[in-house]
Structures are given as structure tokens and as C-alpha cells.
Amino acid sequence: MRYKLLIFGLIFVLTFSFNGVFAQETDDVTASGERAGILPTSLFYFLKEIRRGIESVFTFNPVAKTRLELKFAAERATEIEVLKEKGEAVALKSIEKAIDNYQQNVERLRSRLESLGETSENPNVDRLLDELTARALRHQQLFDELKTGRTELEAKIEAAQETLTESFSVALERFDLPEKTEMRFERALKNIENPLKEIEALNVISKVERKITNEGMKNRLLKAEENLISKFEGRIEGGKISLPQLSELIKNLQKPEEKKLEILDSLRENVSSPTLKMQLNVMRQPLLNKVSAVSEEKTREEIEEALKAVNELQSAMAAAGAAVGTAVRQLAEQAKFNLEQAQRLFEAGDYGRALGQATSAKAVTRNGLRLLTGSSAEAAEKVNEFRREFDELKRRAREHGLNLENTPRLFKLFSQAESKIVESLNLVGREAVAERLNIILREIRTALSSIEVMIGEQKETKEAVESSVREVQTREAPTLRPEKQERKVEE
């Protein structure tokens, strides 16, 4: 037994030593600054695999083993990213092998997740879910980028994405508490610099939500989507992203045209600004023209999904009974009309326009479901959260010397948000106005996001001005001649 442990120890030390040497020698770093180490194209890649195997053998705690599989999946994703950035210099088979490695790794991760008997009340599981959320967002984006323009890899990439979605869905449904899920996405997005980060997250949530069967979790994911859209709208209204910039960002988004159309429809149906809605309509038309050559099979799939979504909204309305308000009924009628148009256009062979109507129907029904989602207790919790956020933003504004005189637009938003918060407090607990309350909460979220952006912009401007003043003062400051400096030292 002693000799076996000695052999394992020697292998362990040698593997880490070799792996460290080759990791230092390579210059392969991703655009985000992550070092890939030895790549699958290297003759020495087997050392990396040995190191992973030994790490796994000497990790005994079930949660720690699961986190280790997630770590290995992240390493493999970094390897894929580096190979992608090398472009034509890397053989197609190398990328295919790297994707296969990643998928097998995520399948092991899923098996680990299915065997765990914990919940997110365990701090270690909670951290694992935070890490998994952040990785799922990043990896799905990576695969979308990799898929663009590489039709020969499409099947493998989609299989890897599907495996990742299933693993993430298993984790959320088995271990997470619905009330924690929304904040989990917010924390993950804080460390992402992508200007369309909320849009990327929407793509992931919509995939996961289709796999979830737990109604509480499905409702929280719908609310997470709504929160992300409101935050994104807030960044636009706050001036962080201009409408021309938004148009260019959507145009250059590394996704198929039909996916861009789905994203635009989701935004269009949920934003509250009429100006933004109009701009999204303008952006939509070129995309409709581009998807005109979409396949019959893809269009049929979209129509089937739209039909399922419309039926889901109808069932939710039936369950809500008298609590269903005018806004939801209008959305249900609109979704039904969009679906009928999609079916009619499909029969006529106009697959592009049929797909456009189907994506509209899906977006409208999700909007309706969000308005029906949430209990009085959850609404009260959200209102209190907004009150705390409002007070903190007011404190930050005062701290930076902002007031009604020097930033009237900011304080107009403060006034609007405060008025909406007071109105929401009066509506909490009144089931007959739940729909109206949900609309107001969405407006508050957008206003607070805009306020946060504007305070950040004002702070950056103030710091830039102060820095420029200091530079000017430094350049203009009189300097003592050498003889005067010597005299001053003697004194």
C-alpha cells in the first residue's frame, strides 16, 4: 500500500511539473485573457489529461468532484476558444476533437449533478451553481460564435450546447431554490463586459426553461428574463447604448438570422419605451428579408413551438380565472392572430414571413405569462428590494455631488421611480390588480437601471475632468532652479 501511494505521489508531482512547464511555454491566451495551457493539438496533451485524472482520483467530496468536472469543462472551453481564434491555422479535425472532449466532460458533469443529494442551502452547492451559471452563459456564447460560418461543425456544436443546457437544467431543477435563481444570473452578468450580455443570457434562459418541469422554477426564469430585458432597456434609456449602436450590435451579433429575429421580438414585446419599440421594428425588417430562405423544417419547428406557447398561455389564463386583466387578454388575442398568420403563410410556402409571425407569437405569449406570474409575497419582496436600491442610488448621487440643478434628467427619473414605488406599495396584496402591479414593477426596474447608468456616467465624467485639471496643474506648477533647491536644502 505504501509503495502504491509513493507511485501515485511521483506521478502527481511529475504531471504537475510537466504541465506547468508547457503551460508557461505556450502563448495561447483567449481574448478575455484566459491561458489555455497545452492544447489538444500538442504531443504533450496527454500530460494534461493525466493531471486531470489524478486530480479527480484524489478529490473525494461529491460536491468538490462536481466542481472539478466543471473546472475541467471550463479548461476545455478555453482550449476551443484558442483553437477558434487560430482560424485556418488549425485543422478542422482538431476543433472537432476538442468539442467532443468538451461534450464528454459535460456529460460527466451531468452524471455528477444527478448523483448529488444536496440543495443550494449548502454553501458549497450554492457556489457551484453560481460557477455553473457563469460558465453556461460564457460557453453558450462561445459555441454560438464558433457556429457562425462553420456549417460543417454545426451538428457537433449543437450537440455540445444541448448537453450543456441539459446539465444546467438538471442543476437548477434539482438543487436551486427558485427565489435564488434570478439573482444568480445577475451576479454572473456583473463580470461580463459584453454590451449585449443580457441578450446572451436571454438565449440561455429560454433554452433552459424549455427543459424545466418545476412550475416555481419556470416562473422564476420568466421573471429573470423580464428583469434582464428591463435592465437592458435601462442601459439604453440611460445613454449607455445609443439606438444606432444597438442596431449595429444586433447586426453583428454572432448568431443565425432567425435567432436574431427571435431576440428582437422578445425585446420588442417587453420594452416600455415607444421610441425603442419603433426602432426595434425598423431593425426587424432587414432580418425578415434575410430569413426568407429559411428551411421548411425550421419554420415548422418554430410554428410548433409557437402553438405550444399559445396553449400554455391559455392554460395559465384558465387557471388564473377572474384575475386575468385586459392586458393579458389582448396579448393572448395577438398571439393567436400571429400563430394563425404563421400557419397560413407556411401553407403558402412563404417560410420566411411565417417564421417571423411564429417568433412574434412566442414573444407575445411569454410577455403574457410574465404578467400572470408571481405571488403577492414575491411582489412585496421585490418592492422592498427596489426601495433599498432606490435609497442606495440616491445616496450615491448625493455622494458624487449630483442634484436637480446639475442633472435634471437624472432627478426626473428619481421622481418617476419614487412615484411608481409608492403606487406599487398600494397595489401589493390586491389580487385583482396583479397584472397592473407586474407592469409597474417592470417600469421601476427599467428606471432604476437607467439611474444607475447615468450616475456611473456622471462619475466617470467628473473623474475625467478632475484628472485633466490635475495634469494641467502639474504642467503649470513652477519648478525650483537647481541652485535654489540646494539653498533650500542648506537652510
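Counting from 1, residues in each chain are numbered in the order their sequence is written. Residue-level local features of this predicted model are given only where pLDDT is at least 70; pairs of side-chain atoms are given and counted only at 80 or more, and the full residue set underlies all totals for whole chains, interfaces and linings. Excluded from the side-chain calculation are hydrogens and water; included are all heavy atoms of the structure.

## Some details on the packing of helix H4 (residues 92-115) against helix H6 (residues 154-175)
An axis is simply a line fitted to the C-alpha atoms; with a helix, the fit covers only the stretch in contact. Between two such axes, the angle follows the N-to-C directions and lies from 0 to 180 degrees. Helix and strand definitions here come from DSSP, where helices need a minimum of 4 consecutive H or I residues and strands a minimum of 2 consecutive E residues; each element is numbered from the N-terminal end. The geometry of H4 relative to H6 is characterised by a closest axis approach of 9 Å and an angle of 15° between their N-to-C directions. Regarding the angle of H4 to H6, the classification is roughly parallel. In terms of crossing hand, the pair formed by H4 and H6 is left-handed. Residue-level inspection shows Glu-96, Ile-99, Asp-100, Tyr-102, Gln-103, Val-106, Glu-107, Arg-110, Leu-113 and Glu-114 of H4 in contact with H6, the latter providing Lys-156, Ile-157, Ala-159, Ala-160, Thr-163, Leu-164, Glu-166, Ser-167, Val-170, Ala-171, Arg-174 and Phe-175. Residues are grouped as follows: Ala, Val, Leu, Ile, Met, Phe, Trp, Tyr, Cys and Pro are nonpolar; Asp, Glu, Lys and Arg are charged; all remaining types, including Gly, are polar. Among the residues forming the contact of H4 with H6, the class breakdown is 11 nonpolar, 3 polar and 8 charged. Here is the rule for angles: anything less than 35 degrees is roughly parallel, anything more than 145 is roughly antiparallel, 65 through 115 is roughly perpendicular, and the remaining ranges are oblique. Take the far helix as the reference: if the near one is turned anticlockwise from it by less than a right angle, the crossing is left-handed, and if turned clockwise, right-handed. For this analysis, residues touch if any pair of their heavy atoms sits within 4.5 Å.

## Here's the deal with the packing of aromatic side chains
Working definition: rings of Phe, Tyr and Trp (its six-membered ring) pair if their centres are within 6.5 Å, and the pair is stacked with planes under 30 degrees apart, edge-to-face with planes over 60 apart, and tilted otherwise. Counted according to the given criterion, the structure contains 5 aromatic pairs. Geometrically, the ring pair formed by Phe-346 and Tyr-351 is tilted, given 5.3 Å between the ring centres and 50° between the ring planes. Between the aromatic rings of Phe-411 and Phe-414, the centroid separation amounts to 5.3 Å while the plane-to-plane angle is 50°, which identifies the pairing as tilted. One end of the pair, Phe-411, and the other, Phe-414, are both in helix H17 (residues 408-427), 3 residues apart, so they sit about a helical turn from each other. Judged by relative accessible area, which is 1%, Phe-414 ranks as buried. Aromatic ring contacts, followed pair by pair, group Phe-390, Phe-411 and Phe-414 into a single cluster. When the ring centre of Phe-414 is taken as origin, the NZ or CZ atom of Lys-394, which lies over that ring, is 5.3 Å away. Here the term buried applies to any residue with accessible area under 20% of the maximum for its type, exposed to any over 50%, and partly exposed to those in between, with areas from a 1.4 Å probe on protein chains only. When the NZ atom of lysine or the CZ atom of arginine is within 6 Å of a ring's centre and also within 35 degrees of its normal, the charge is said to sit over that ring.

## Overview of the pattern of salt bridges
Pairs can form between side chains of opposite charge once their charged atoms are near each other. Any carboxyl oxygen of Asp or Glu that lies within 4 Å of a side-chain nitrogen of Lys or Arg is treated as forming a salt bridge with it. In the structure shown here, the tally under the stated rule is 56 salt bridges. Between Glu-209 and Arg-366 there is a salt bridge, and its shortest N-O distance comes to 3.0 Å. Of this pair, Glu-209 sits in helix H8 (residues 197-211) while Arg-366 sits in helix H15 (residues 351-372), placing them 157 residues apart in sequence. Overall, the relative accessible area of 4% leaves Glu-209 in the buried class. For Lys-420, the salt bridge is made with Glu-443, and the minimal N-O distance between the two is 3.0 Å. Of this pair, Lys-420 sits in helix H17 while Glu-443 sits in helix H18 (residues 434-476), and the two are 23 residues apart along the sequence. Assessed through its relative accessible area of 23%, Glu-443 is described here as partly exposed. Through salt bridges with shared partners, a single network forms among Lys-48, Glu-49, Arg-51, Arg-52, Glu-55, Lys-71, Glu-75, Arg-76 and Glu-79.

## Regarding the nonpolar core
In this structure, Leu-113, Leu-137, Phe-168, Leu-221, Phe-232, Leu-246 and Leu-280 are the most contacted members of the largest nonpolar core, which totals 52 residues. Among the elements that line this core, the one with the most residues is helix H9 (residues 215-237), at 7 residues. We define a nonpolar core as any set of buried Ala, Val, Leu, Ile, Met, Phe, Trp, Tyr and Cys residues linked to one another through side-chain atoms lying within 4.5 Å. The next biggest cluster of nonpolar side chains, apart from the first, holds 23 residues, and it includes Ala-379, Phe-390, Phe-411 and Ile-451.

Geometric values such as these leave the question of function open.
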